[in-house]
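Structural overview for review
The residues making up each chain are set out below.
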Amino acid sequence: MKSTPHLKVLDGWRGISILCVLAAHLLPVGPKSLQLNAMFGLLGMALFFTLSGFLITSFLLKNPSTLDFLVRRFFRIIPLAWLYLAIALGMAGASSDSWLAHYFFYANLPPTHLVSLTEHIWSLCMEMQFYIGIALMFAVFGVRSLLAIPLIGLLFTLLRVTDGVYASSVSYYRMDEILAGCTLALIIHRRLGTHLLAWLQRIPQWPLLLLLLISCHEQGAALNYLRPYLAALLVGATILNPGRAIAPLLDNRVLVYLATISYALYVIHPMLAVGTWLGSGDVIIKYLKRPLLFIVLFALAHVSTFYYESWWTGSGKTLVKKLKLNTA
């Protein structure tokens, strides 16, 4: 693969990742004693970060322009994030320090500045920190610097092992999940030789999924440290074998649509669940309102994706073209 086509399995995984997160945050996934909500939350984010790392690295390998990369990413992430933050932080009566930390995406770093309506923004903070970090590395050292990513990822994992952290919203305890996706891209694009690629093609998908689920549960113990790599292996196995096992299930129109609006679903859902009438009341009342909450959530996400975010992403692409013409 000298370039990355629009792979349907990636849309499938993105759709599944947002379903896992929404289920973890908005539904009772089994008895509390089983801790399945936490498991599905970790599963959804592990898949999301893997996809992010894979796609970002693939983009840079195909289009080695740091400016192009940053403009596209910022125009994709910032408009909805900043709009949401303006509402959420205003409702929370946040301090000026908190506003600054959120708008410059370091609110998840100690001492954290996240509030009840922005607790999920930790992942956007980590994404933006990753974008800036990889862009700087790429701009200074070039495309070959990407080959250092597997080692950097292992160092982050070693830090988690040393400190005994299975999962965290702090970037340096979670960055290995994105970097595992970056490593997968290097393997798929044959930047780490062909032996790993051939080995990945032979890995069975269903056993990998089972191991990944265990690694997302607290009772999985030390297997939690391998969660980034199990997620990357599973996604990679479905990319290389799109007609086998799990992969055909990912080619689904519903999952593709969910993938398309997934960013808006993720950003918006806590506002409805915590900050509006739709999330008020005792436990029974809350869950009786859940169908209406989902209807409103999906309607808002659809409008945001196709009428608000699309304008910004289009503007970002236009700006990139103008910058290229000016520098040509």
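Read on for an overview of the structure. Keep in mind the model is a prediction, meaning the values are calculated, not measured.

**Quick word on the overall build of the chain**
A count of helical and extended segments in the chain gives 14 helices and zero strands. Helices and strands in the chain line up, N terminus first, as α-α-α-α-α-α-α-α-α-α-α-α-α-α. A compact globule built from 328 residues should have a C-alpha radius of gyration of about 20 Å, and the chain, at 20 Å, falls within 12% of that. Along the first, second and third principal axes, the C-alpha atoms of the chain reach 55 × 50 × 40 Å. In the chain, which comprises 328 residues, the share counted as buried stands at 49%. Across the chain, contacts joining residues at least 24 apart in sequence account for 71% of those joining residues at least 6 apart.

**Considering the packing of aromatic side chains**
This model, assessed by the stated rule, comprises twelve aromatic pairs. Ring geometry for Trp 82 and Tyr 103: centres 5.1 Å apart, planes at 35°, overall tilted. With Trp 82 in helix H3 (residues 66-92) and Tyr 103 in helix H4 (residues 96-103), this residue pair connects regions lying 21 residues apart in the sequence. Trp 82 gets classed as partly exposed once you look at its relative accessible area, which sits at 35%.

Conventions and cut-offs
- Sequence order sets the numbering: in each chain, residues are counted from 1 along the sequence as written.
- The predicted nature of this model means local features are confined to residues of pLDDT at least 70 and side-chain atom pairs, given and counted, to a pLDDT of 80 or more, with totals for whole chains, interfaces and linings taken over all residues.
- Hydrogens and water are ignored here; the side-chain numbers use all heavy atoms of the structure.
- Strands here are runs of E lasting at least two residues and helices are runs of H or I lasting at least four, both read from the DSSP assignment and numbered beginning at the N terminus.
- Restricting the calculation to C-alpha atoms gives the radius of gyration, and the globule rule supplies 2.2 Å times the number of residues raised to the power 0.38.
- The buried label applies to any residue whose accessible area, calculated with a 1.4 Å probe on protein chains only, is under 20% of its type's maximum; exposed applies above 50%, and partly exposed to all values in between.
- Contacts between residues were defined by any pair of non-hydrogen atoms, one from each residue, lying within 4.5 Å.
- For this analysis, a ring pair means two rings from Phe, Tyr or Trp (six-membered ring only for Trp) whose centres lie within 6.5 Å, classed as stacked if their planes differ by under 30 degrees, edge-to-face if by over 60, and tilted for the remaining angles.

No statement about biological role is implied by the geometric values presented.
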